[in-house]
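# Structure assessment
What follows is each chain in one-letter form.
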Amino acid sequence: MTLKNQLPSSRWTSYRKWTDETLRLRLQLFMSAIDKLALLEHTTSVLGKAMAISEPFSAGEFWCCFELTADDGSLVIARLRLPKHPNNHSSEDGTYSIACEVATMRFVQAHVPKVPVPKVYAFGDCNSEWARKIGAPYMLIEGFYGNTLFDVEWNLCELQGSIQRHIITQWTAIIAELATVQLPMIGSISEFSESDGATIGRLSYAEMDSLVTPGPFESVVGYYTAVIDTKCRSLRNKEASNSLQLAYYAYRDIVQNSSVFKDLNEPPFPFNHMDLDTHNFLVDEEYNIIAVIDWEFAQSAPWHEHTLPILFALFGNVFGESDEAVLRLPAQVRCGNVSLREVTRQLYKKGFDNAERELQKDGRDIRVSISTLLDSKGARIKRLASILEHIDPMYIERCTLEMIRIAYEIDERDSANYLRNMDQQMNKNIY
């Protein structure tokens, strides 16, 4: 891998990968409204040096990024807020979520200095003078010579063993460091100052997702119930399939009535990036993690949010034979890929064991072992619930039954009977 002195924009694809015509049109209209000269002027005034702006750009669901460079090689990434997604009918304009992200980045820099967070040079919501001149709410943040690991090598499991260990050691240490910060409520950091500390406010995405209760929350059960109730309401409005609605109805019952999420239900709650996967950390040419990006949805969260990354997570028998069953039959065609995932999975767990030992040496015991949590009922159910909307409908019922089986420790027959009872209750609108 050669990333040294390679500008991040050299890998940016601008419009080339945008196939959804509605989103492509949104992006084109956005680009036509942006005043790059104003962006350059503002960045130059903030940094005190002349800057040049990249022609390629990177865009996602919420942000469009430009790269600005100075003669001395320093980089600034200009993140410009995209207009609302066409399917988002909320009144949210991004003002609160931008404030949360900036406050969070500054909070992490102050309290978790071992986590590499880009500096925020300037930002402006839709009401600021520079945002009006530029044409969008914006953030000017520190840039790095590197790229996301996902762009460099999307399948971590296929990397050489020593490189995997090097990445995972850093990855798990960052998550463990964040978990040393434990807060009395579940919510987003809406404000932060050195003198007054952090303010825990409603979730940064509460208005965008039309949460029935925006937070902050005093318990895990209260938090998950609000999130699931919002999802159930959305699925009813969309007239989603009965199997998907039933899956979330059963998930809600598990949260409310099983013992799974009542374990570790009370504060304090660990701080969590909430999306720390290979697409959200930047690496250099030696696979050193040089920055963690995209802090918009970071929050204090349930311990159960510490789950295995989807690339090498366990899904039981949802998609066929479980990984454990395949590994017992080395002659199977799938065994090679399953073995690679198992190796990475064990490295990931060991990474947390090592990270937690290092924290203990420094007198910073995080109270709960993340490596143990990864195999807990709550983490396994949370991971299964997270894929419900993203899998083929033929697997939804199997996924739901697996969640039920884990939660109540019952066999397939009893799980099926339980699900039938849930279906009857849901159809009577007992909620």
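Residues numbered from 1 in each chain as written. Predicted model: local features only at pLDDT ≥ 70, side-chain atom pairs only at ≥ 80, totals over all residues. Heavy atoms only, no water.

### Observations regarding the overall build of the chain
Here is the rule: In DSSP terms, a helix is any run of H or I states spanning at least four residues, a strand is any run of E spanning at least two, and both are numbered starting from the N terminus. Throughout, radius of gyration means the C-alpha value; the globule benchmark is 2.2 Å times the number of residues raised to the power 0.38. Residue exposure (1.4 Å probe, protein chains only): buried if accessible area is under 20% of the type maximum, exposed if over 50%, otherwise partly exposed. Contacts are residue-level and defined by heavy atoms, with any inter-residue pair within 4.5 Å sufficient. Accessible surface area values rest on a Shrake-Rupley calculation with a 1.4 Å probe, where residue burial reflects the displayed protein chains alone. For the charge count, each Lys or Arg is scored as positive and each Asp or Glu as negative, with His and the chain ends excluded. In plain terms, the charge of a residue is placed at NZ if it is Lys, CZ if Arg, CG if Asp and CD if Glu.
The helix and strand tally for the chain stands at 14 helices and 14 strands. At 23 Å, the chain has a C-alpha radius of gyration in line with the 22 Å of a compact globule built from 431 residues. When its C-alpha atoms are laid out on the principal axes, the chain stretches across 70 × 50 × 45 Å. A burial count over the chain gives 51% of its 431 residues as buried. In the chain, the share of contacts with a sequence separation of at least 24, taken over all contacts with a separation of at least 6, comes to 67%. If you sum the accessible surface of the chain, you get close to 20100 Å²; carbon and sulfur atoms cover 49% of it. Averaged over its 43 positive side-chain charges, the chain has a centre that lies 3 Å from the centre of its 57 negative ones.

### A closer look at the sheet that holds strand β7 (residues 147-148)
Going by this rule: At least two bridges found by DSSP between two strands are what make those strands a pair. Between N-to-C directions, angles span 0 to 180 degrees; the directions come from axes that are lines fitted to C-alpha atoms, helices contributing only their stretch in contact.
The 3 strands are arranged β7-β12-β13 in an open sheet whose pairing can be described as antiparallel. The sheet terminates laterally at β7 and β13 (289-292), the two strands that pair on one side only. Across the face of the sheet, helix α6 (residues 161-179) comes into contact with β12 (281-283) and β13 while running at roughly 35° to β13.

### Details of the pattern of salt bridges
Here is the rule: Whenever Lys or Arg places a side-chain nitrogen within 4 Å of a carboxyl oxygen from Asp or Glu, that contact is recorded as a salt bridge.
Applying the stated criterion across every chain yields a total of 16 salt bridges. Between R252 and D229 there is a salt bridge, and its shortest N-O distance comes to 2.5 Å. Here R252 is found in helix α8 (residues 242-257), whereas its partner D229 is found in helix α7 (residues 220-237), with 23 residues between them in sequence. With its nearest N and O atoms 3.2 Å apart, the salt bridge here joins K361 to E358. You can see K361 and its partner E358 sitting in helix α10 (residues 335-361), 3 residues apart, about one turn around the helix.

### What to know about the packing of aromatic side chains
What counts is decided by this rule: By convention, a stacked pair of Phe, Tyr or Trp rings (six-membered ring in the case of Trp) has centres within 6.5 Å and planes under 30 degrees apart, an edge-to-face pair has planes over 60 apart, and any other such pair is tilted. Criterion for a charge above a ring: Lys NZ or Arg CZ within 6 Å of the ring centre, and within 35 degrees of the ring normal.
A full pass over the atoms with the stated rule returns 16 aromatic pairs. When the centroid spacing of 5.4 Å and the interplanar angle of 70° are considered together, the rings of F312 and Y348 count as edge-to-face. In this pair, F312 is assigned in the loop between β14 (299-300) and α9 (323-327) and Y348 in helix α10, connecting sequence segments 36 residues apart. Ring geometry for Y408 versus Y418: centroids 5.2 Å apart, planes at 45°, classification tilted. With Y408 in helix α13 (residues 396-408) and Y418 in helix α14 (residues 412-427), this residue pair connects regions lying 10 residues apart in the sequence. Looking at Y408, the relative accessible area reads 27%, which means it is partly exposed. For Y418, a relative accessible area of 15% corresponds to the buried category. The structure contains a cluster of three or more aromatic residues connected by ring pairs, namely W171, F281, F312, Y348 and F352. Over the face of the ring belonging to W130 we find K133, whose NZ or CZ atom lies 4.4 Å from the ring centre.

### Quick notes on the domain arrangement of the chain
Inclusion rule: For the domain bounds, the source is a domain assignment made automatically or taken from a database. Values labelled buried area give the accessible surface lost by two parts on being combined, using a 1.4 Å probe and summing over both.
Parsing the chain into structural domains produces domain 1 (8-143) and domain 2 (156-429). On a C-alpha basis, the centroid separation for the pair domain 1 and domain 2 is 28 Å. Each side of the interface is counted separately: domain 1 has 27 residues, and domain 2 has 30 residues. Carbon and sulfur atoms supply 66% of the area buried between domain 1 and domain 2, which totals about 2400 Å² over both sides. Together, Y96, F107 and P116 form the three largest contributors to the area buried by domain 1 at its contact with domain 2, with a combined 26%. Viewed at the interface, domain 2 and domain 1 are joined by 3 salt bridges.

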